[in-house]
Amino acid sequence: ERVALGTATDPYQPIEGRYKLTRGAIELLAAASTPLGLVTKGPMVVRDKDVLIDLTRRADCAVYMSIPTVDDDAWRRLEPGTAHPLQRLRAVRELADAGINAGVLMAPIVPGFSSSRSKIARTLEAIADHGVRLVGCDVMHLQDGTREHFMRFIARECPAMLPRFERLYTAKHVPVAYRREVKAMVGALRQRYGLTAS
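Structural notes, computed from the coordinates. (Residues numbered from 1 in each chain as written. Predicted model: local features only at pLDDT ≥ 70, side-chain atom pairs only at ≥ 80, totals over all residues. Heavy atoms only, no water.)

## A look at the overall build of the protein
- The helix and strand inventory of the protein stands at 9 helices and 6 strands.
- Compactness check: the protein gives a C-alpha radius of gyration of 17 Å against a globular reference of 16 Å for 198 residues, within 12% of the reference.
- Referenced to the eigenvectors of the C-alpha coordinate spread, the extents of the protein come out at roughly 50 × 35 × 30 Å.
- Each of the 198 residues in the protein was classed as buried or not, and the buried ones make up 45%.
- Within the protein, one finds 29 positive and 22 negative side-chain charges whose respective centroids are separated by 3 Å. (Helix = DSSP H or I, 4+ residues; strand = E, 2+ residues; numbered from the N terminus. Rg over C-alpha atoms; globule rule 2.2 N^0.38 Å. Buried < 20%, exposed > 50% of the residue type's maximum accessible area, 1.4 Å probe, protein only. Lys, Arg positive; Asp, Glu negative; His and termini not counted. Charge placed at Lys NZ, Arg CZ, Asp CG, Glu CD.)

Quick look at the structure:
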């Protein structure tokens, strides 16, 4: 059965450069011909393209780079310590050029930071410009712990936005209508740039 890596914690944290635990896990999955779905924000994944190619030959393998936006301001504010979005796009292109099923996951799209039509369009255009064709998306959801941390960040950094977030996030997910609206906008723009839904 398919194994998913990166659904809760990024498998390419900086310490992976030293310990290579993710690489070891992929090697074991390849040896057992076990399908893999991997999500990361880390361009370090290209280091392991040899084992990802091996796994791709033996079983289904898909790598998704999380790139919610290419907007520099949103990236600096929401993803400190991560690689620049364009560096991540170059990594996806390198994986795809090597024959690995690689795409972009525009997630989390954060209301008010990366959800505007212009920012989504710029992100999809950059994805297309890098030769990547497979794109998925999702709006940010907030679970216990993460919710408190994020709301403190908003209260401290953007207090005028706090009431909006409190209205949108009365539960883990934004209201279904809002989520559908964002996904429909991404879908329409994805078609404009000749991209495929993941």
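What follows picks up the thread again.
## Remarks on the packing of helix α2 (residues 21-31) against helix α3 (residues 49-58)
- Relative to each other, α2 and α3 sit at 25°, their axes nearing to 9 Å. It follows from the interaxial angle that α2 and α3 lie roughly parallel. You can see that α2 and α3 cross each other, and the crossing is left-handed. Residue-level contacts link R23, I26, E27, L29, A30 and A31 of α2 to D50, V51, L52, D54, L55 and R58 of α3.
- Its residues assigned to classes, the contact of α2 with α3 comprises 7 nonpolar, no polar and 5 charged. (Axes fitted to C-alpha atoms, helices over the stretch in contact; angles between N-to-C directions. Parallel < 35°, antiparallel > 145°, perpendicular 65-115°, else oblique. Left-handed = near helix turned anticlockwise from the far one by under 90°. Contact = heavy atoms within 4.5 Å. Nonpolar A, V, L, I, M, F, W, Y, C, P; charged D, E, K, R; others polar.)

## A closer look at the layout of surface pockets
- Taken as a whole, the largest pocket encloses approximately 1,300 Å³ of empty space.
- As for the largest pocket, its lining consists of 40 residues, of which A8, K41, A107, P108 and T146 are closest to the centre.
- Contributing elements (two or more residues each) for the lining of the largest pocket: β1 (3-5), β2 (36-40), β3 (61-66), α4 (72-78), β4 (101-109), β5 (134-139) and α7 (146-157).
- Lining the second largest pocket are D10, Y12, Q13, P14, K41, G42, P43, M44, P80, G81, T82 and A83.
- Residues of the lining of the second largest pocket, tallied by class, amount to 6 nonpolar, 4 polar and 2 charged. (1 Å grid on protein atoms, 1.4 Å probe; cavity = no way out; pocket = protein on both sides within 12 Å on 5 of 7 lines; lining within 4 Å. Points joined across faces, edges and corners; volume = space filled by probe spheres on them.)

## Notes on the pattern of salt bridges
- Counted by the stated rule, this structure contains 17 salt bridges.
- Residues R2 and D60 are paired through a salt bridge, measuring 2.0 Å at the closest nitrogen-oxygen approach. Within this pair, whereas R2 is found in the segment before β1, its partner D60 is found in the loop between α3 and β3, the two being separated by 58 residues in sequence.
- Residue class for D60 comes out partly exposed when judged on its relative accessible area of 40%.
- Between E79 and K41 there is a salt bridge; the shortest N-O distance is 2.4 Å. Highlighted residues: E79 in the loop between α4 and α5 (85-97) and K41 in the loop between β2 and α3, separated in sequence by 38 residues.
- One salt-bridge network, in which partners are shared between bridges, spans E16, R23, E27, R47, D48 and D50. (Salt bridge = Lys/Arg side-chain N within 4 Å of Asp/Glu carboxyl O.)

## Thoughts on the sheet that holds β5
- If you walk across this open sheet you meet the 6 strands as β1-β2-β3-β4-β5-β6, and the pairing is parallel. Looking at strand neighbours, the two that pair on one side only are β1 and β6 (196-197), the edges of this open sheet.
- Most of the contacts of α5 go to β4, to which it runs at about 155°, and overall it touches β3 and β4.
- Across the sheet, helix α6 (residues 117-129) is in contact with β4 and β5; its angle to β4 comes to roughly 165°. (Pairing = 2+ DSSP bridges.)

Everything listed here is a matter of geometry and, on its own, says nothing about what the molecule does.
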